[in-house]
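Here is how the chains run, residue by residue.
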There are 2 protein chains.
Amino acid sequence: MTCKAYHLFFRNLANPLKTKIIAELKGKPQTVTQLTQSIKEEQSKVSHALMNLRHCSIVTSKQKGKERVYSLNKKTIVPILKIIDKHRKDYCKQECNF
Amino acid sequence: MTCKAYHLFFRNLANPLKTKIIAELKGKPQTVTQLTQSIKEEQSKVSHALMNLRHCSIVTSKQKGKERVYSLNKKTIVPILKIIDKHRKDYCKQECNF
DNA sequence: ATGTCATATGAACATCAAATCATATGAATA
DNA sequence: TATTCATATGATTTGATGTTCATATGACAT
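Notes on the structure in this doc start here. (Residues numbered from 1 in each chain as written. Chains lettered and ligands numbered in written order. Predicted model: local features only at pLDDT ≥ 70, side-chain atom pairs only at ≥ 80, totals over all residues. Heavy atoms only, no water.)

With that settled, the discussion passes to the pairing of strand β3 (residues 67-72) of chain B. All names here are of chain B. Judged from the two bridges that link them, strand β1 (residues 30-31) and β3 form a sheet pairing that is antiparallel. For Gln 30, the partnering residue across the bridge sits in β3 and is Tyr 70. Pairing between strand β2 (residues 59-64) and β3: six bridges, direction antiparallel. Each residue of the ladder has a partner; that of Thr 60, found in β3, is Ser 71. Between β2 and β3, which follow one another and run antiparallel, lie two residues, and Gly 65 among them has a positive phi close to 65 degrees. (Pairing = 2+ DSSP bridges. Helix = DSSP H or I, 4+ residues; strand = E, 2+ residues; numbered from the N terminus.)

What follows concerns the sheet that holds strand β2 (residues 59-64) of chain A. If you trace the three strands from one edge of the open sheet to the other, you get β1-β3-β2 (chain A), paired in antiparallel fashion. Since the sheet does not close on itself, it has two edges, and those belong to β1 (30-31) and β2 of chain A, each with one partner.

All of the buried residues along helix α1 (residues 4-13) of chain A are Tyr 6, His 7, Phe 9, Phe 10, Asn 12 and Leu 13 of chain A. If you follow the buried residues of α1 of chain A, they end up packed against α2 (16-27), α4 (43-55) and α5 (74-91) of chain A together with α1 (4-13), α2 (16-27) and α5 (74-91) of chain B. (Buried < 20%, exposed > 50% of the residue type's maximum accessible area, 1.4 Å probe, protein only. Contact = heavy atoms within 4.5 Å.)

What follows deals with the sheet that holds β1 of chain B. In any sheet, the strands associate via hydrogen bonds between backbone groups, in a parallel or an antiparallel arrangement. Residues and elements named next belong to chain B. Spatially, the three strands line up as an open sheet ordered β1-β3-β2, and their pairing is antiparallel. Edge positions in the open sheet fall to β1 and β2, since each of these has one partner strand only. The sheet contacts of helix α4 (residues 43-55) involve β2 and β3, and relative to β2 the element is tilted by about 115 degrees. (Axes fitted to C-alpha atoms, helices over the stretch in contact; angles between N-to-C directions.)

For the rest of this paragraph, the subject is unusual backbone geometry. All names here are of chain B. One non-glycine residue, Lys 40, lies in positive phi territory at about 55 degrees. As for its position among the elements, Lys 40 is in the loop between α3 (32-39) and α4. Taking the relative accessible area as the measure of exposure, Lys 40 reaches 73% and is therefore exposed. Not every positive phi belongs to a glycine, and Ser 57 is a case in point at roughly 60 degrees. Relative to the assigned elements, Ser 57 resides in the loop between α4 and β2. Of the residues examined, Ser 57 reaches a relative accessible area of 19% and is grouped as buried.

Shown next as structure tokens:
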């Protein structure tokens, strides 16, 4: 089992910043600036994170004027999020608040 | 979204050693010694990895004489592995061999 | 063409997790 | 209870990953 891209994929779900972004994009597609505002993180952090997410096809982007709009690739992510929720219910106790 | 246990959970899937162990245990429950042999990794590495996996309820263990047998918590993991496979097919190209 | 807004990139640094190594615990058996 | 086999644990080193900051690119408007 040595699929680099595969491990990169899950590293995104192991990272608070990236899951914050995923959660935000679950609501609606957003530009980088919108994201930085809604999750209150620095622009370059967000851009770096989005780059990783894009490489793993977790998000897609399209140019719109001088902005770039990022969308969640729901096809792959939504089923995973469901399992996350289930697992959280089963095994995540009081220390959780998301 | 600040669930520590949740991110710990996915860190396991982001780690080659731990996914190797998961893949091995998919076949059948095994002792630590069996695992170290089948995946050819050091005992303490395997033990440390198993501890993490256990904390996240990805594996369970039961004592059997002086050995300890580890089993995969298939209820949670199998659906995730299915999504992994699908994602691999969709987005993982030639650089993958697992 | 220049300026401005939006985003991306690179390199240096900081942080955290994994590997390592030595040792401890625990169970069984003589 | 001393010994051996099996596994776990702790401390340290190492290595990878995220953060930061400064700067570059790119698109649009003037």
